[in-house]
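Analysis of the macromolecular model
Residues per chain, in single letters:
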Amino acid sequence: MPQTNQALFERAQRVIPGGVNSPVRAFRAVGGTPRFITRAQGPFIHDAEGRRYVDYIGSWGPMILGHGHPAVLEAVQKAAADGFSFGAPTEREIELAEAIIAHLGPDSGVEQVRLVSSGTEAGMSALRLARGATGRNLIVKFEGCYHGHADALLVKAGSGLATFGFPTSAGVPDDVVKHTLVLEYNNLEQLDAAFARRGDDIACVMLEAIAGNMNFVRASVPFMTRLRELCTKHGAMLVFDEVMTGFRVGARGAWGVYAQLMPGFRPDLFVFGKVIGGGMPLAAFGGSRAVMGRLAPLGPVYQAGTLSGNPVATACGLATLREIGRPGFFEALGDSTRALVNGLKAAADAAGVPFVVDSEGGMFGFFFTDTLPQHYGTVMATDKERFNRFFHAMLDRGVYLAPALYEAGFVSAAHTPAEIEATLAAAREAFATL
Ligand SMILES: *Cc1c(COP(=O)(O)O)cnc(C)c1O
């Protein structure tokens, strides 16, 4: 008997909580049955019922080259044949660290990186490092930014949590989050007030400079400028969570975008994930040698991992970074992404549907409203019912968008004009049904 997504979902729910290993996969926000994926190639994913979709999730960002890129596949197969994991250092870890640092360039201030296995791990380690380096406890984050599910960061986080309407998660002690200050994104007044009151207690401010866990919201340049000034003045570290945006919105990530607009600007710590693993569990955090030297075994801030710098994962990441380092890569990816979002906008306009779009490099967002939201509250005030109808209308037409209105979308280098055009044809029909 042929498999169905529904049968698999029912079976999954018997042995896995909610049937999924990461909440947003469960389609709770949009309703319906999650698609169980059997394989993927280039810009397409295939489900258990044999249906093919144009993939705009790309594993939530990592698959920037599309699925099954030949050079990456070869690197992974070769590495796997040499051994899965050693628990001892390898040259490939050095190569990947060198590649990350070289991609960012000296202006980033990143001289050293530590490799870990997930964005969550990288974010919580960066946080511990910032606290260890400053000797302070208080951290600042912004509503709608997601930095992984470490206790101290699970406060009004966006994304999967917003689905369930939890202001925070059960199981997180008040004692832990009492050191976390949550401010509204792009709100200069709140920022000033927070620093005026507690500036000298703040270990770090962590943010997604282009936030992808409340769809797609950019930090304004005045906001970023003030943030840098305040952190410098008060000795707090500015931490860029580039798990999503790093090597995705441009060769130098979101930092590169702001460095263009704000000459000389740089954060104190970076957090990476997603693209740097090319689809394998790999993430990193990095900064100056002085700060990174606070980590064990050199310094007093403990951090470790059995599978950190895994040889197969680093092979995948290295091969991926090699491809995206080719001249013109991000220009072409940005062109494809803009063709997509501009086409979506035109289709919505033609159908008389209020709709706004934004994109940078291979990351995009769209909202069913009239003006681009500037923070979580305005994102959540956009038309959710319409988004959900659009999502399903597109899915029915073979286009797989992120299954929640507060998620960003991703285009890969494998998306050709043919896939973009097919997506826009589907969108013209979908908008007409709204
Ligand atoms: C995905 C994401 C994380 C968490 O990474 P995981 O690998 O899922 O643990 C952290 N920060 C941002 C900005 C992310 O998008």
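Thresholds, definitions, all that
- Residues numbered from 1 in each chain as written.
- Predicted model: local features only at pLDDT ≥ 70, side-chain atom pairs only at ≥ 80, totals over all residues.
- Heavy atoms only, no water.
- Helix = DSSP H or I, 4+ residues; strand = E, 2+ residues; numbered from the N terminus.
- Rg over C-alpha atoms; globule rule 2.2 N^0.38 Å.
- Buried < 20%, exposed > 50% of the residue type's maximum accessible area, 1.4 Å probe, protein only.
- Areas by Shrake-Rupley, 256 points an atom, 1.4 Å probe, with all protein chains shown as cover.
- Lys, Arg positive; Asp, Glu negative; His and termini not counted.
- Charge placed at Lys NZ, Arg CZ, Asp CG, Glu CD.
- Expected span 1.5 Å × (residues − 1).
- Contact = heavy atoms within 4.5 Å.
- Polar contact = N/O pair within 3.5 Å; in protein donor to acceptor, adjacent residues only side chain to side chain.
- Phe/Tyr/Trp six-rings, centres within 6.5 Å; stacked < 30°, edge-to-face > 60°.
- Lys NZ or Arg CZ within 6 Å of the ring centre and 35° of its normal.
- Domains from an automatic or database assignment.
- Buried area = accessible area lost by both parts, 1.4 Å probe.
- Salt bridge = Lys/Arg side-chain N within 4 Å of Asp/Glu carboxyl O.
- Nonpolar A, V, L, I, M, F, W, Y, C, P; charged D, E, K, R; others polar.
- Near = heavy atom within 4 Å.

1. Focus on the overall build of the protein chain
Across its full length, the protein chain holds 15 helices and 16 strands. Taken over the C-alpha trace, the protein chain has a radius of gyration of 21 Å; the compact-globule value for 434 residues is 22 Å, and the two agree within 12%. Each principal axis of the C-alpha atoms in the protein chain carries an extent, and together these give about 55 × 55 × 45 Å. Expressed as a percentage of its 434 residues, the buried residues of the protein chain come to 57%. Entry remark: accessible area of the protein chain is about 17900 Å², with carbon and sulfur atoms responsible for 54%. Taking the average location of the 38 positive side-chain charges in the protein chain and that of its 41 negative ones, the two points are 3 Å from each other.

2. Points about helix H12 (residues 329–351)
The end-to-end C-alpha separation of H12 is 33 Å, in line with the 33 Å expected for 23 residues at 1.5 Å each. Residues of H12 that are buried: Phe329, Phe330, Leu333, Gly334, Ser336, Thr337, Leu340, Val341, Gly343, Leu344, Ala347 and Ala348. Backbone geometry just downstream of H12 places Gly352 in the positive-phi region, at approximately 70°.

3. Some words on helix H8 (residues 221–234)
Residues separated by three or four positions in an α-helix point in the same direction, a consequence of the helix having 3.6 residues per turn. Compared with an ideal rise of 1.5 Å per residue, which puts 14 residues at 20 Å, H8 spans 20 Å between its outermost C-alpha atoms and is within 8% of the ideal. Those residues of H8 not exposed but buried are Phe223, Met224, Leu227, Arg228, Leu230, Cys231 and His234. Against the buried residues of H8 lie strand E5 (138–142), helix H7 (188–198), strand E7 (202–207), strand E10 (237–242) and helix H9 (253–261). Between the side-chain oxygen at the start of H8 and the backbone nitrogen of Phe223 there is a gap of 3.1 Å, and the oxygen is on Ser220.

4. Focus on unusual backbone geometry
Glycine aside, residues mostly have negative phi, and peptide bonds are mostly found in the trans state. With an omega of 10°, the peptide bond running from Ala296 to Pro297 counts as cis. In this structure, Ser59 takes a positive phi of about 60° despite not being glycine. Residue classification places Ser59 among the partly exposed residues on the basis of a relative accessible area of 40%.

5. Quick notes on the packing of aromatic side chains
Following the criterion strictly, the structure yields 25 aromatic pairs and no others. The interplanar angle of 10° and the centroid separation of 5.7 Å between the aromatic rings of Phe270 and Phe272 together place this pair among those described as stacked. Looking at Phe270, the relative accessible area reads 1%, which means it is buried. Aromatic ring contacts, followed pair by pair, group Tyr56, Phe355, Phe364, Phe366, Phe368, Phe387, Phe390 and Phe431 into a single cluster. The aromatic ring of Phe44 is capped on one face by Arg52, whose charged end is 3.6 Å from the ring centroid.

6. Remarks on the domain arrangement of the protein chain
It is common to report an interface's size as the accessible area lost on association of the parts. In terms of domain boundaries, the protein chain breaks down into domain 1 (5–68 + 328–432) and domain 2 (70–324). A separation of 25 Å is found between the C-alpha centroids of domain 1 and domain 2. A buried area of about 3100 Å², summed over both sides, lies between domain 1 and domain 2, and 64% of it is on carbon and sulfur atoms. On the surface where domain 1 and domain 2 come into contact, there are 2 salt bridges. Seen at the junction of domain 1 and domain 2, the total is 14 residue pairs in polar contact (both at pLDDT 80 or more). Of all elements in the fold, only H12, strand E13 (356–360), strand E14 (363–367) and helix H13 (376–380) reach the threshold of two or more residues within the side of domain 1 that touches domain 2. The element best represented in the side of domain 1 that touches domain 2 is E14, accounting for 5 residues. Tallied by class, residues from the side of domain 1 that touches domain 2 come to 23 nonpolar, 8 polar and 4 charged.

7. Brief notes about the pattern of salt bridges
Taken as a whole and judged by the stated rule, the model has 12 salt bridges. Residue Asp192 pairs with Arg226 through a salt bridge whose shortest N-O separation is 2.7 Å. Note that Asp192 is positioned in helix H7 and Arg226 in helix H8, a separation of 34 residues in sequence. Here Glu323 ties to Arg326 by a salt bridge, and the two come within 3.0 Å at their closest N and O atoms. Judged by its relative accessible area of 12%, Glu323 is buried. A network of salt bridges, in which partner residues are shared, links Asp192, Arg226 and Glu229.

8. Describing the site of the ligand
All residues in the neighbourhood of the ligand are listed as Ser118, Gly119, Thr120, Tyr146, His147, Gly148, Glu208, Asn213, Asp241, Val243, Met244 and Lys274. Between Asp241 and the ligand, the recorded distance is 2.7 Å, taken from a side-chain N or O atom to a nitrogen atom. For the ligand, an oxygen atom lies 2.6 Å from a polar atom in the side chain of Lys274. Considered on its own, the ligand offers 380 Å² of accessible surface; in the complex 82% of this is hidden by protein. When grouped by side-chain class, the residues that make up the shell around the ligand number 3 nonpolar, 6 polar and 3 charged.

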